[in-house]
Amino acid sequence: METLDKTDILILRELQKDAKLTTKELAAKVNLSPSPVFERQKRLEREGYIKKYVAVVDPIKAGNGIMVLCNVRLKHHSKEFSRQFTSVIAEIDEVVECFNTSGDYDYQLKIYARSMQDYQNFVLGTLGDLDCIGSLHSIFVIGEVKNTQSVPVKA
């Protein structure tokens, strides 16, 4: 991969603010003509700097009343348990993020649920069915201070 120059960084920052910008609008923001901006954007996509374009949906309006950070400890540290856990988690819609972590827990999940009852049903009926899980620790999010999908872009 090539290193990013100042214009590439500006393009990435602007697209993180608004991925719906037209090439012409983006070109105006980075002080370049549309054709080179288009080529740069395509190169950033090809090289994997831009992974995909998505719409950020409001979780409350989509019917999710609570957000939970769920720390998971596996029964044993083994490839088999880790593979079993990650393959199942990857397919569960309620789990929107999953991180393999260090410390007291092996994974941290970000989960959306409609209600406390739905979360309890999820824990007992979905996570509870996974034999590889040793323990769970749920943290219920009371309020959100900062939530951004933007990544700091550095040269």
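As shown above, the structure is provided for reference.
Notes on the structure follow. Along each chain, the written sequence defines residue order, and numbers are assigned to residues from 1. Whole-chain, interface and lining totals are the exception, using all residues; otherwise, since this is a predicted model, local features are given only for residues with pLDDT of at least 70 and side-chain atom pairs are given and counted only at 80 or more. Excluding hydrogens and water, the side-chain values take into account all heavy atoms of the structure.

### Structural notes on the sheet that holds strand E2 (residues 95-100)
What counts, and what does not: Only strands that DSSP links by at least two bridges are regarded as paired with each other. Only DSSP runs of H or I with at least four residues qualify as helices, and only runs of E with at least two residues qualify as strands; both kinds are numbered from the N terminus onward. Lines are fitted to the C-alpha atoms to define the axes, a helix being fitted only along its stretch in contact, and any angle between axes, read from their N-to-C directions, falls within 0 to 180 degrees.
Here 4 strands make up an open sheet; going across it, the order is E2-E3-E1-E4 and the pairing antiparallel. Only two strands of the sheet have a single partner each, and these edge strands are E2 and strand E4 (133-140). Neighbour-to-neighbour, the strand axes of this sheet turn through a mean angle of 20°, independent of strand direction. By the bridge criterion, 7 bridges tie strand E1 (residues 66-74) to E4 in an arrangement that is antiparallel.

### Digging into the packing of helix H1 (residues 6-17) against helix H3 (residues 34-46)
The condition that has to hold: Should an angle lie under 35 degrees it is considered roughly parallel, over 145 roughly antiparallel, and from 65 to 115 roughly perpendicular; all remaining angles are considered oblique. Contacts: residue pairs with any heavy atoms within 4.5 Å of one another.
Where H1 contacts H3, the axes come no closer than 10 Å and their chain directions differ by 80°. What the angle tells us is that H1 and H3 run roughly perpendicular. Residues Thr7, Asp8, Ile11, Leu12 and Leu15 of H1 form the contact with H3, whose participating residues are Val37, Arg40, Gln41, Arg43 and Leu44.

### Quick word on the environment of Thr86
Cut-off, in case you're wondering: Note on classification: 1.4 Å probe, protein chains only; a residue is buried when its accessible area is under 20% of the maximum for its type, exposed when over 50%, partly exposed between these limits. Each polar contact in these results corresponds to two N or O atoms within 3.5 Å; when the atoms are within protein, one needs to be able to donate a hydrogen and the other to accept it, and residues that are neighboring in sequence are counted only if both atoms are side-chain atoms.
Here Thr86 lies in helix H4 (residues 79-89). When its relative accessible area of 34% is taken as the criterion, Thr86 is described as partly exposed. For Thr86 and Ile142, which are 56 residues apart along the polypeptide, the C-alpha to C-alpha distance reads 27 Å. At a separation of 3.4 Å, a polar atom in the side chain of Thr86 contacts the main-chain carbonyl oxygen of Arg83.

### Brief notes about the pairing of strand E3 (residues 107-113)
Burial within E3 is extensive, with 6 of its 7 residues counted as buried. Of the pairings in the sheet, the one linking E1 to E3 comprises 7 bridges and is antiparallel in character. When the sheet's bridge partners are listed, Cys70 is paired in E3 with Leu109.

### Observations concerning the state of the cysteines
The cut-off we apply is this: Cysteine sulfur atoms are paired as a disulfide whenever they fall within 2.5 Å.
Within the structure shown, the criterion is met by 0 disulfides. Just so you know, Cys70 is unpaired, no disulfide at all, and the nearest cysteine sulfur is the one on Cys98, 9.9 Å from it. On the accessibility criterion, Cys70 (0% relative accessible area) is buried.

### Remarks on a negative patch on the surface
Applied cut-off: Exposure above 30% relative accessible area and the absence of a salt bridge qualify a residue for a patch, where like charges join within 9 Å and nonpolar side chains (Val, Leu, Ile, Met, Phe, Trp, Tyr) within 5 Å. Using a 1.4 Å probe, accessible areas were evaluated by the Shrake-Rupley method; residue-level cover was limited to the displayed protein chains. Salt bridges are defined by distance alone: a side-chain nitrogen of Lys or Arg within 4 Å of a carboxyl oxygen of Asp or Glu. Under this rule, positive means Lys or Arg and negative means Asp or Glu; His and the chain ends count for nothing. Just so you know, the charge point we use is NZ for Lys, CZ for Arg, CG for Asp and CD for Glu.
A contiguous patch of negative charge on the surface is contributed by Glu91, Asp93, Glu94 and Asp118. Relative to the helices and strands, Glu91 resides in the loop between H4 and E2.

### Thoughts on the packing of aromatic side chains
Short version of the rule: Two rings from Phe, Tyr or Trp (for Trp, the six-membered ring) form a pair when their centres sit within 6.5 Å of each other. Planes less than 30 degrees apart are called stacked, planes more than 60 degrees apart edge-to-face, and all others tilted.
Under the defined criterion, the tally for this structure stands at 3 aromatic pairs. Ring geometry for Phe85 versus Tyr107: centroids 4.6 Å apart, planes at 40°, classification tilted. You can see Phe85 sitting in helix H4 and its partner Tyr107 sitting in strand E3, a full 22 residues away along the chain. Like Phe85, the residue Tyr107 is buried in the burial classification. One aromatic cluster is present, built from ring pairs that chain together Tyr119, Phe122 and Phe140.

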